[in-house]
Amino acid sequence: MSPFRRPSAEPLWRDEFSVFSDDERYVSRRQFAKFLVLASLGMFVGNLWILVRSWFTRQPVYPTIIIARADEIPVGGVKVFAYPRPNDQCILVRTATAEYVAYSQKCTHLSCAVFYSAQHGRLECPCHNGAFSVHDGSVLQGPPPRALPRVVLERRGDQLLAVGMHIQAEGQRG
Amino acid sequence: MAEARQPEQRKGLTAIDAAMALIVVLLLVQIWLLTTTLETFLAGYKETALPAAIVSGLIFAACIGLYLFIERIDVERRQR
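Residues numbered from 1 in each chain as written. Chains lettered and ligands numbered in written order. Predicted model: local features only at pLDDT ≥ 70, side-chain atom pairs only at ≥ 80, totals over all residues.

Student: So what exactly am I meant to see when it comes to the overall build of chain A here?
Tutor: In terms of helices and strands, chain A carries two helices and 10 strands. The order of α-helices and β-strands along chain A, N terminus first, is α-α-β-β-β-β-β-β-β-β-β-β. Going through the 174 residues of chain A one by one, you find that 25% of them count as buried. Expressed as a percentage of contacts within chain A between residues at least 6 apart in sequence, the contacts between residues at least 24 apart total 34%. (Helix = DSSP H or I, 4+ residues; strand = E, 2+ residues; numbered from the N terminus. Buried ≥ 20, exposed ≤ 12 C-beta atoms within 10 Å, placed from the backbone. Contact = placed C-beta atoms within 7 Å.)

Student: So what exactly am I meant to see when it comes to the sheet that holds strand β8 (residues 139-141) of chain A here?
Tutor: Sheets are built from strands that pair by backbone hydrogen bonding, the pairs being arranged parallel or antiparallel. All names here are of chain A. Read across the open sheet, the four strands follow the order β5-β6-β7-β8; overall the sheet is antiparallel. The open sheet has two edge strands with one neighbour each: β5 (115-117) and β8. Direction aside, the axes of adjacent strands within the sheet are offset by 40° on average. (Pairing = 2+ DSSP bridges. Axes fitted to C-alpha atoms, helices over the stretch in contact; angles between N-to-C directions.)

Student: Before we go on, may I ask you to explain the pairing of strand β6 (residues 122-125) of chain A in this structure?
Tutor: Looking down a regular strand, the side chains alternate between one sheet face and the other. Residue and element names in this part refer to chain A. Sheet topology places β5 next to β6; three bridges connect them, and they run antiparallel. If you follow serine 117 over to β6, its bridge partner there is arginine 122. Joining the antiparallel neighbours β5 and β6 is a turn of four residues, in which glycine 121 adopts a positive phi near 65°. Note: β6 against strand β7 (residues 130-133), four bridges, orientation antiparallel.

Student: Looking at this structure, I do not really get the interface of chain B and chain A. What am I missing?
Tutor: When the parts come together, some accessible area is lost, and that loss is often what is quoted as the size of the interface. The partner chain A presents 22 residues to the 32 residues of chain B that form the contact. Of the residues contributing to the side of chain B that touches chain A, the split by class is 23 nonpolar, five polar and four charged. (Nonpolar A, V, L, I, M, F, W, Y, C, P; charged D, E, K, R; others polar.)

Student: Can you help me understand the pairing of strand β4 (residues 99-104) of chain A in this one?
Tutor: Residue and element names in this part refer to chain A. Both strand β3 (residues 89-96) and β4 contribute to a ladder of six bridges, which runs antiparallel. Looking across to β4, one finds that isoleucine 91 is bridged to tyrosine 103. Here β3 folds back onto β4 in antiparallel fashion, the turn holding two residues. Of the pairings in the sheet, the one linking β4 to strand β9 (residues 150-156) comprises two bridges and is antiparallel in character. In the sheet register, tyrosine 103 faces β9, and the bridge partner there is arginine 150.

This is how it looks when you write it as structure tokens:
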């Protein structure tokens, strides 16, 4: 017996066996085209959502805060601090005697916390083996699409201050 | 009679298939546009959001146009 019902003038209830399972799964061209147009609407709504977000997202305010004493961290050492908001974890690395760099600790791939690998001299993400240059935050390997946002540092005497953030849009590979 | 109708129906089906293929291509462009816009937005660039939304809207309008075309062809072929 065919799983499709043959066109007939007889009402369905008069059929000997009135359940046609394939009829229920059958998708006509017109239905499929409708699904595609609905998917297109979804994409458009997504783009509109980004547009609305871009209109209503305010520029973040970056306070100036003391994050560490200069001699507090040894060369190759790190310190984790929060900037600009209490929940935004950042990592400060002392790469040389008088050289400090700081980046957001959130991996640009899926927001795992990156750590400094002194062995490889780079910032690494343990989740998907992403790696960032410790010198400029650019992507060295793995799935991260963008460089790490860099914390702008200032040294005043013995103190290191965070004064802003620089979001690096280029996802260039090192 | 039914045989004479067949080439017409086949022509209609070809037109419908072509329109659907075009909708699929437009949808792929729209998916790419959305991911790229989201990527640039998350990277801190907001300038791309407006042109991307406009282009996405135009593509959506084109998809609706193609869908209406499919419906019209379908109805015409069924009526003949």
